[in-house]
Amino acid sequence: MSLVKMKDLLLRAQEENRGCGAFSVGNMEMVKGAIQAAEELNTPIILQIAEVRLGHSPLHLMGPMMLEAARKAKVDVAVHLDHGLKIETIKQALEYGFTSVMLDASRDSFEDNIEKTKNVVELAAKYGATVEAELGLVGGSEDGKSDHGIRCTNPEDAKIFCEKTGIDALAVAIGNAHGDYPVAPQLEFGVLEEIHKKTGTPLVLHGGSGISDADFQKAISLGIRKVNIATASFKSLTAEVEKYLATEGAHNYFDMNEAMVLGTYKNVKHHIEVFNCK
């Protein structure tokens, strides 16, 4: 298999009415764990990293590693820059060979979001890359440091936005939020259904960690094609490392490395199975 465009994976998922898992990674162990799970289940995935995470996981280190892992994988893998905030970062990801980028201008005005997104679509076209954008406000920030509230995506606005920008995937706000949910989220499935009917564009669910398996599957049945998972993988990795460090005897990096891979693998495998269950 090979490194592929995210658009190809989403269109394939749309034809088969299933979801494609987009798994955020922060180090080599997470990349290995995610690929291991995808290969075991013979299912394509998306490897991604958000711009806010680049302080801990620099793009010049993570990008080449993610891309090479995708090229060597036994399944199709797309590599995506999630929540790109600056054109410079988006262009850098494209130069490395990322097959997909996201501009997050969701906190700008509707008109500015359209114009900025159109510019990214034009830029990405030069590299043959997929573009994702966001409309409405998904709760919380990717790094968990701020909460700008939640504003559901307006279905009619979504139709206009997709037509004017020519994006390949639209991240929607339907009551979902990044990070940990203090209580179970109440997703607005009626809004999602309307967006799906009006746009026909592959839709993206951010803030996947903490949503129930049943709600994932219902959202997928209503047009969600890409599901982002970040917090759950970081927590699963941490839990596996803590379990290892709680064992008796001397500890070493190599066993801890395996614990990090295992923690990521477990979480990614679970979510792949949920997203592809019919």
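Quick caveat, the model's predicted, so the values are computed rather than measured. (Residues numbered from 1 in each chain as written. Predicted model: local features only at pLDDT ≥ 70, side-chain atom pairs only at ≥ 80, totals over all residues. Heavy atoms only, no water.)

(A) Region of the structure containing the pairing of strand 4 (residues 100-103). The alternating pattern of strand 4 places S100 and M102 on one face and V101 and L103 on the opposite face, and all of these are buried. Taken together, the three bridges between strand 3 (residues 77-84) and strand 4 define a ladder with parallel strand orientation. Each bridged residue has a counterpart across the sheet, and for G84 the counterpart in strand 4 is L103. Tracing the backbone out of strand 3, into helix 4 (residues 87-96) and back to the parallel element strand 4 gives a crossover that is right-handed. In this structure, strand 4 lies alongside strand 5 (residues 130-135), joined through four bridges in parallel fashion. Pairing of S100 across the sheet is with T130, part of strand 5. Handedness of the β-α-β unit built from strand 4, helix 5 (residues 110-125) and strand 5 comes out right-handed. (Buried < 20%, exposed > 50% of the residue type's maximum accessible area, 1.4 Å probe, protein only. Helix = DSSP H or I, 4+ residues; strand = E, 2+ residues; numbered from the N terminus. Pairing = 2+ DSSP bridges. Right-handed = clockwise from strand over helix to strand, strands pointing away.)

(B) Fine view of the sheet that holds strand 6 (residues 169-172). Pairing in this closed barrel of eight strands is parallel, and the strands run 1-2-3-4-5-6-7-8 around the ring. Shown here is a sheet whose adjacent strand axes are inclined to one another by a mean of 25°, direction ignored. In this structure, strand 7 (residues 203-205) lies alongside strand 8 (residues 224-229), joined through three bridges in parallel fashion. From the neighbouring strand, L205 faces strand 8, where its bridge partner is V227. Sheet contacts for helix 4: strand 3 and strand 4; angle to strand 4, the most-contacted strand, approximately 175°. (Axes fitted to C-alpha atoms, helices over the stretch in contact; angles between N-to-C directions. Contact = heavy atoms within 4.5 Å.)

(C) Quick peek at the packing of helix 8 (residues 213-221) against helix 10 (residues 253-275). Close contact between helix 8 and helix 10 brings their axes to 9 Å; oriented N to C, the two are set at 45°. Considering the angle they form, helix 8 stands oblique to helix 10. For the pair helix 8 and helix 10, the sense of crossing is right-handed. Of helix 10, the residues touching helix 8 (which contributes D213, F216, Q217 and I220) are H270, H271, V274 and F275. Along the lines of polarity and charge, the residues of the contact of helix 8 with helix 10 split into four nonpolar, three polar and one charged. (Parallel < 35°, antiparallel > 145°, perpendicular 65-115°, else oblique. Left-handed = near helix turned anticlockwise from the far one by under 90°. Nonpolar A, V, L, I, M, F, W, Y, C, P; charged D, E, K, R; others polar.)

(D) Structural view of helix 6 (residues 155-165). Regarding helix 6, the residues found buried are P155, A158, F161, C162 and T165. Along helix 6, the residues classed as buried sweep out an arc of 115° about the axis, all on the same side. Helix 6 presents E163 and K164 as exposed residues on the side facing more than 90 degrees away from its buried surface. Where helix 6 is buried, its residues meet helix 5, strand 5, strand 6 and helix 7 (189-199). If you check the start of helix 6, you find a side-chain oxygen 2.9 Å away from the backbone N of E156, and it comes from N154. Of the residues one or two after helix 6, G166 is the one with positive phi, at around 75°. (Arc of directions from axis to C-beta. Polar contact = N/O pair within 3.5 Å; in protein donor to acceptor, adjacent residues only side chain to side chain.)

Honestly, that's just the spatial picture; any functional story needs more than this.
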